Amino acid sequence: AKFVYDFTEGNKDLKDLLGGKGANLAEMTNLGLPVPPGFTITTEACKTYLDSGEEPAALRDEVSAHLDALEVTMGKKLGQADDPLLVSVRSGAKFSMPGMMDTVLNIGLSDKSVQGLAKQAGDDRFAWDSYRRLIQMFGKTVLGVDGDLFEEALEAAKTAKKVAVDTELEAADLKKLVTKFKKIVKTEAGRDFPQDPREQMDLAIKAVFESWNGERAKLYRRQERIPHDLGTAVNVCSMVFGNLGPDSGTGVAFTRDPASGHQGVYGDYLQNAQGEDVVAGIRNTVALADLEQIDKKSYDQLMQIMETLENHYLDLCDIEFTIERGQLWMLQTRVGKRTAGAAFRIATQLVDQGLIDEAEALQRVTGAQLAQLMFPRFDDEAKVEKVGRGIAASPGAAVGKAVFDSYTAVKWSRSGEKVILVRRETNPDDLDGMIAAEGILTSRGGKTSHAAVVARGMGKTCVCGAEELEVDTKRRRMTVPGGHVVEEGDVISIDGSSGKVYLGEVPVVPSPVVEYFEGRMHAGAEDADELVEAVHRIMAFADRKRRLRVRANADNAEDALRARRFGAQGIGLCRTEHMFLGDRRELVERLILADTEAVREESLKELLPLQKQDFVQLFESMDGLPVTVRLLDPPLHEFLPDITELSVRVALAESRQEPHENELRLLQAVHRLHEQNPMLGLRGVRLGLVIPGLFTMQVRAIAEAAAERKAAKGDPRAEIMIPLVGTVQELEIVREEADQVIAEVEAATGAKLKLSIGTMIELPRAALTAGQIAEAAEFFSFGTNDLTQTVWGFSRDDVEASFFTAYLEKGIFGVSPFETIDKDGVGSLVAAAAKAGRATRPDLKLGVCGEHGGDPESVHFFHEVGLDYVSCSPFRIPVARLEAGRAAS
Ligand code: PEP
Ligand code: MG
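Residues numbered from 1 in each chain as written. Chains lettered and ligands numbered in written order. Predicted model: local features only at pLDDT ≥ 70, side-chain atom pairs only at ≥ 80, totals over all residues.

Going by the annotation in an unreviewed UniProt entry, the name recorded for the protein is Pyruvate, phosphate dikinase, with Streptomyces violaceoruber given as the source organism.

Next up, the structure:
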C-alpha cells in the first residue's frame, strides 16, 4: 500500500484515505489555488500504527522521499540552520472533529535554526515567538507535559514585564521564555526538547496518530456517532506565517452565512496572528469585510477563490486562510457545517441557481435538522429582562441554571437540573460540560470559536462573544451591564437565533415550522418567512420521491387530526389500552379480575359503547385513510391495584378488626395474576385468548363504529391488528371469532365493512414463522419495540436506565437499539419475515409501528427492505416523510 500522498496526488473523493482536510487540500492544489506545498500520511498508516503499536515498515522511507521532494520544491531543508523549512503536522480525519485531535506548528525550529529564521524574516521577535510556540505545543501534545505550566510561565513573563498581551513581549523576553520552556520539558518529560528536526517531525506524526484515541476524541465520536475505527490522516504542510507583522494575518471565511444561508462575506480575520488564535477566541477578531480596507489585493483574491470553491463544491464552503506579508495562502476548505435552518435554505437556493437538482437537495438536509427546526422558540413579547447580546452561534431556545465549569454542568445535569454552561471561552476540555448543558454562553470569541463550532455540530443552543458580560469562572459568577450579578444556580435564558441573553426563564412559543405544518402559516403567503418557504419546498421534493407511506401512532381524534395536518396517510397503530386509562380503568380492572361470568359480561357490556364511540371519532378524523386498531395489549400490572398498597390496606383492616372481605378477595386475585416479568406474561393475544369476550367486544365495537360511519356517508377503513402473536394457531382462533362477529354486524346493519385482519410481528418466533403466519394475516406490522426487547433479551423498561450508559461508553453499540434499528440482528429478522410473508401472500401489506418508525436511520432501512409504510408519533411524521424521500433519492 501507498502510505503517503503529495497534495498534487490526491482529490476530494479520497476522504476515507486522506481525511477531509488532506483530500480538500489536494483538491484545492489541483484547482490551482495557492496552497502551501505538503503531503498527507493516510488513515491506513494510522490504523496500522494503532493496531500494532508500530508504524508500517514502508512509512519511514515514503515520508523521507516526500520530504526530500518538498525540500526541493521549497529550495530549503527542514530545520536548515541558515534558512529553515518549517512544517506543520496536523491531524485530519474523514469527519471533522474540531479541536479534538493534535496539531503541532513550526516544526523544524531549534536553537540553531531559530537564528536562521530570525535573519531570513528580518524579525527576531517573530522567530523566538515561533520557537516558544513550538516547544509549548510539542511539549503539551507530543511529550504530554501539563499545558498549564507553559501558560503560567508565559503569564509570569508578562507580569514581570508589566504588559497585558503576548504581542508586547520582546525578542529578549521570548528568548528567556524559550529557556524556561525547555527547562519545563526537561523536568516534566524527563528528556530534552529534541533539536533534530526530523525527530521532531516523526514524534509529532506519532502523537497525531495517538490523539485519535484520546479521551476527548473518543467522547466526541460517540456523541457524533462517528465510528471508532476510521483513524486519522496526518498532513505535513510547509508553514506560512500570519504573525509576521501587520501585513500578515489569519482568518476564517464562509461562502454563505452558516446561520441563515444568505450569500455574502462572512468570517473573521485577525491581523498579525497565527493558526489557532482565531478559532481559540483568544483575541477579538474583525469582520472579514474589514479585510478589504486592510489588504485589498488579498481580499479580492479571496473573494475570487470563494466563488471558485462554491461553484466547484456546489455547496457552502468554509475556509481557513493565512496572509503572509501580503501573500494569500489557503490552509483548509471543506463543505461547511451550518445550522438546520440554513441547510434548508441553502438547498433550495442551490436548486434555484440551477446548481443541484431536487434529489440532491434532499441529500443536503436531514430529518434530524428538521426535528431541530420544530423545537419551540422564545416568546418575543414576553416581559423579561434582556441583559446582553452576543453572537447567534447555534439556534435554539435554552433555559437553565447558570454554571461556570464543566464539572458542575455534568454533576447538576445528572441530578436532573437543566443548566447553561457559561464560560469566558470554551476549549476541548469543556466537551462533556457542553454535552450536559441545555445551552452554552461565552463572553469571548466569534462564530468560528470553539464553542460555536462544536455547539453547531451538536445541534446545541449557543450564544458566544457576549462581551458585555463579565464572566468570572473562579468565583462562579457573571456580572451583567448595570452591575447585577448572576450567581451559580441562577436561572438564565439564551436565544441562539438572536444572540440575546435574559435573566430568568423566558416563555417559549412554537416554531414557525410547526406553525406551518399545523396549517397556521402558509408557504407563499406574504408574511411567510424564508425558512418556512424552504421547508415547504423540500417537503414537496420528499413527497414526490418517496415510496414509503407514512402513518401515525395515535389513539385519539386530536392526535389523529394533528397527524393528518402533518401529512399522515393513516393510522398505523391505535393502542386501545390507552383508551382504557383514567375513569375506565376500573372497568378493565373489574373485567380482568372477574371471577364470575356475570361480572365479566357486565363489564364488557359497559365497555362496548365507550369503545365504539372512540372508534367512531377516530374513523371520522381519518376518513378515507386506513386506521389500524390494535386489540388490547396491556402490561397487566398497569391495570391492577398495586400489590403492596393493597397488602397494607388488608393488614391494617385486619389489625383494626374491620371488615375487609372485598379487599382480601381482590388481594388474592392480584396475587394470582401477579407476574415477575409482566412484559413476557399475560398480555397481547394471550389475554384475548384467556378472557372470553374481550377481543370480540373490541371487534364488535370496531365493526359497529365502521357501520355507523358508513351510514353517515363516511369512508372508514379499519384494520384489526392482533398483538404479540407467536404462532399462527393463536391468530387463527382470534380470527375465526372476529370473522364471525363482523359477519353478525354486517348482517345486522346491512353494511359491507371490508375489515382486514392482520398481526404484529414482535416476537422472534413470529418473525421466524412469518410464512405460516401470513396464511392468516392480511398485513404485518413490525413491533420493533418488543422485537428488540425479545431479540436482545433487553427489558425495554429497565435497561436504558441501568447499563446502557456503560454499553455506549464501551462502544458495544453507538446508539440504543431501541432508538435506531439494529440492522444486523433485529433488522435481519424483519427483512426475512417480510420476505417469507410475501412468499406466502404476495399482496401482504407490510409496515412498522415501533418507535423506530420515526427514526431517520431506521426509516432508510425500512425503505430498503421493502416495507409499504412506517408509522410514528404525530410530531415525527414530517421527519419520516423527509427521510423516506431521502431514502428513495
Ligand atoms: C412494539 O412493540 O413495537 C409496539 C409498537 O407495541 P408496544 O410498544 O405497544 O408494545
Ligand atoms: Mg409491542
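Having seen the model, we can carry on.
A. The overall build of the protein, seen in detail. Looking only at helices and strands, the protein features 35 helices and 31 strands. Once the C-alpha set of the protein is aligned to its principal axes, its extents read approximately 105 × 65 × 60 Å. Sequence-distant contacts in the protein: of pairs separated by 6 or more residues, those separated by 24 or more amount to 68%. (Helix = DSSP H or I, 4+ residues; strand = E, 2+ residues; numbered from the N terminus. Contact = placed C-beta atoms within 7 Å.)

B. Region of interest: the environment of Thr788. In this fold, Thr788 is placed in helix H30 (residues 784–792). Overall, Thr788 belongs to the buried group, with 24 C-beta atoms counted inside 10 Å. For Thr788 and Phe818, which are 30 residues apart along the polypeptide, the C-alpha to C-alpha distance reads 6.6 Å. Ignoring sequence-local partners within four residues, the contact set of Thr788 consists of Phe794, Pro817, Phe818, Asp822 and Val826. (Buried ≥ 20, exposed ≤ 12 C-beta atoms within 10 Å, placed from the backbone.)

C. Broad picture of the site of ligand 1. Surveying the vicinity of ligand 1 reveals the residues Leu573, Arg575, Asp633, Glu762, Gly783, Thr784, Asn785, Asp786, Cys849 and Gly850. The set of elements that each furnish at least two residues to the shell around ligand 1 consists of strand E25 (571–575) and H30. For the shell around ligand 1, the element with the most residues is H30, which contributes 3 residues. Its residues assigned to classes, the shell around ligand 1 shows 2 nonpolar, 4 polar and 4 charged. (Near = placed C-beta within 6 Å. Nonpolar A, V, L, I, M, F, W, Y, C, P; charged D, E, K, R; others polar.)

D. Region of the structure containing the domain arrangement of the protein. Once the domains are mapped, the protein shows domain 1 (47–238), domain 2 (249–335), domain 3 (375–509) and domain 4 (546–579 + 613–634 + 693–887). Measuring from the centre of the C-alpha atoms in domain 1 to the corresponding centre in domain 2 gives 24 Å. (Domains from an automatic or database assignment.)

E. Up close: helix H5 (residues 124–142). For H5, with 19 residues, the first-to-last C-alpha span of 26 Å sits near the 27 Å given by 1.5 Å per residue. In terms of burial, H5 is largely enclosed, as 17 of its 19 residues are buried. With its phi angle positive at about 70 degrees, Gly144 sits one or two positions after the end of H5. (Expected span 1.5 Å × (residues − 1).)

F. The confidence of the model for the protein, seen in detail. Per-residue pLDDT for the protein has a mean of 92; in total, 98% of the residues score no lower than 70. Across the interface, the model reports ipTM at 0.99; the global pTM reads 0.80. (pLDDT = per-residue confidence, 0-100.)

G. The arrangement of the environment of Arg125 in detail. Assignment of secondary structure puts Arg125 in helix H5. In this structure, the C-alpha to C-alpha distance between Arg125 and Ala65, residues 60 residues apart in sequence, is 33 Å. Leaving out residues up to four positions away in the same chain, Arg125 has contacts with Glu170, Ala171 and Leu174.

H. Local environment of helix H22 (residues 597–621). Here H22 contains 25 residues, and its C-alpha end-to-end distance of 36 Å stays within 8% of the 36 Å for a straight helix at 1.5 Å per residue. Its axis deflected by about 25 degrees at Leu607, H22 carries its strongest bend there, up to four residues before the proline Pro609. Residues Ser603, Leu604, Leu607, Gln611, Lys612, Asp614, Phe615, Val616, Leu618, Phe619 and Ser621 constitute the buried set of H22. The inward-facing, buried residues of H22 contact helix H20 (557–565), E25, helix H21 (585–593), strand E26 (626–630), helix H26 (694–711) and strand E27 (717–722). (Bend = angle between axes of the 7 residues up to and from the residue.)

I. Up close: unusual backbone geometry. For Lys713, which is not a glycine, the phi torsion comes out positive at approximately 65 degrees. Looking at the secondary structure, you find Lys713 in the loop between H26 and E27. On the basis of neighbour count, Lys713 is assigned to the exposed category, with 7 C-beta atoms found within 10 Å. Residue Leu724 is not a glycine yet carries a positive backbone phi of 55 degrees. Mapped onto the elements, Leu724 comes out in the loop between E27 and helix H27 (728–749).

J. Layout of the sheet that holds E25. Here 8 strands make up a closed barrel; going around it, the order is E24-E25-E26-E27-E28-E29-E30-E31 and the pairing parallel. Across this sheet, the average inter-strand angle for adjacent strands is 30 degrees, counted without regard to direction. Of the pairings in the sheet, the one linking strand E24 (residues 549–553) to strand E31 (residues 869–872) comprises 4 bridges and is parallel in character. Within E31, the position partnered with Ala552 by the bridge is Cys872. (Pairing = 2+ DSSP bridges. Axes fitted to C-alpha atoms, helices over the stretch in contact; angles between N-to-C directions.)

K. The arrangement of the sheet that holds strand E1 (residues 4–6) in detail. Pairing within the open sheet is antiparallel, and its 5 strands lie in the order E1-E2-E5-E3-E4. Of all strands in the sheet, those bounded by a partner on one side alone are E1 and strand E4 (103–107). Averaged over all pairs of adjacent strands, the angle between their axes in this sheet comes to 20 degrees, without regard to strand direction. Direction of pairing for E1 relative to strand E2 (residues 38–41): antiparallel, over a ladder of 3 bridges.

L. Expanded view of the nonpolar core. Judged by nonpolar contacts, the single largest core of 258 residues is most densely connected at Ile538 and Ile702. Looking at this core element by element, the count peaks at 10 residues for H26. Here Ile702 is in contact with Phe615, Val629, Ala718, Ile720 and Leu755, once residues within four sequence places are set aside. (Core = buried A, V, L, I, M, F, W, Y, C linked by C-beta atoms within 7 Å.)

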